[in-house]
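Structure assessment
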Amino acid sequence: MNKILGWLTAGGMAILPMNAFAGQDSTSRVYTFQVELDPQGTLVSAALVRDAPDATTRQLQDELQNWVFNAAQRDGRPVPTKTWVRVTAVPATQGSIAQVLSATAGPAPEMLRKPVFPVAAQRRGDTGVVVLQLDMDDQGRVQAVDVHTKVGDVSRRMAESAIAAARNWTFRPEQVDGVPQAGRLLMPVCFVAEAATDTCQWIGPDAQAMGRDSLLALDPAVRLTNPVAFVDR
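Remember, predicted model here, so these are calculated numbers, not experimental data. What you see as residue numbers is a count from 1 along each chain, following the sequence as written. The predicted nature of this model means local features are confined to residues of pLDDT at least 70 and side-chain atom pairs, given and counted, to a pLDDT of 80 or more, with totals for whole chains, interfaces and linings taken over all residues. Note that water and hydrogens are dropped before the side-chain values are worked out from all heavy atoms of the structure.

Comments concerning the environment of Asp135
Numbering of helices and strands starts at the N terminus; helices are DSSP runs of H or I of at least 4 residues and strands are runs of E of at least 2. Its location among the elements puts Asp135 in strand S11 (residues 128-136). Exposure classes here rest on a 1.4 Å probe applied to the protein chains alone. A residue is buried below 20% of its type maximum, exposed above 50%, and partly exposed in between. Exposure remark for Asp135: the relative accessible area of 23% places this residue in the partly exposed category.

So, in structure tokens, the structure goes:
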């Protein structure tokens, strides 16, 4: 499996997805699992992507066994599916367990080229979020890019830079009965000072507060039956 690239730092500024849910613990992180489901939507496997195994990831893998997924269908019959589940959680600490905040299913980023932070915008102190809507083909290539919404002081040059970078992004598509699926995604690009990444937030569909490494599939092949039914701890 090719390495999924994260967001990088350029010119003293961080250009990265958001790192906290609005109004929630800023220590929350996103953990990604490659998930395989049988035709009934029962978990067959959940492989951790990128992160090293630790107490939090082991707990999340155990919890995934009990989550209920809607099975994908082809020609009216349920079929096996491969997807990626992103779990936002406050990591476990000594004497406590991880707190799950949200979970979504859909494609996963493969190669993400960082946008250029326009020098003029940096000099003015402009910061903000460009939320992009991406149409992806069944090979994970971006076919169309548009600005879904903007948050903060986002100039035209910043939006153009985000769009230009996104045209070269690639993703790992979901697979339904072994067949890769095209899809539509929302994904943020944040232009912020490295010391102020906690200000980089946006509100997604259905008033969802979106956080670090957020990627929202608008038409996923697989959905969690009740993605907010997590136990408060």
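So, next bit.
Notes on the pattern of salt bridges
Just to be clear on terms, a salt bridge is a Lys or Arg side-chain nitrogen sitting within 4 Å of an Asp or Glu carboxyl oxygen. Inspection of every chain in the model, using the stated rule, returns eight salt bridges. Across the salt bridge formed by Glu110 and Arg172, the nearest N and O atoms sit 3.9 Å from each other. Of the two residues, Glu110 is situated in strand S10 (residues 108-111) and Arg172 in strand S13 (residues 170-172); the sequence distance between them amounts to 62 residues. In this pair, the class of Glu110 matches that of Arg172, namely buried. For the salt bridge of Asp135 with Arg184, the shortest nitrogen-to-oxygen distance reads 2.5 Å. Of the two residues, Asp135 is situated in strand S11 and Arg184 in strand S16 (residues 183-193); the sequence distance between them amounts to 49 residues. Its relative accessible area of 35% is what places Arg184 among the partly exposed residues. Beyond isolated ion pairs, a larger network of salt bridges with shared partners links Arg156, Arg157 and Glu160.

A few points about helix H1 (residues 55-64)
Within H1, the full set of buried residues consists of Thr56, Thr57, Gln59, Leu60, Glu63 and Leu64. Projection of H1 onto a plane perpendicular to its axis shows the buried side chains occupying an angular sector of 160 degrees, all on one side. Under the rule applied, a polar contact is a pair of N or O atoms within 3.5 Å (in protein, one hydrogen donor and one hydrogen acceptor; residues adjacent in sequence only if both atoms are side-chain atoms). If you check the start of H1, you find a side-chain oxygen 3.0 Å away from the backbone N of Thr56, and it comes from Asp54. This arc describes the spread of directions from the helix axis toward the C-beta atoms.

Re the nonpolar core
Buried Ala, Val, Leu, Ile, Met, Phe, Trp, Tyr and Cys residues that are joined via side-chain atoms within 4.5 Å together make up what is termed a nonpolar core. Residues Leu132, Leu134, Val145, Trp169, Phe171, Met187 and Phe191 are the most contacted members of the largest nonpolar core, which totals 23 residues. Secondary structure elements with two or more residues in this core: S11, strand S12 (142-152), helix H3 (156-166) and S16. With five residues, H3 is the largest single contributor of residues to this core. Among the nonpolar cores identified, the runner-up in size contains 18 residues, and Tyr31, Leu60, Val87 and Ala105 belong to it.

Scope: geometric values only; no functional claims are made or implied.
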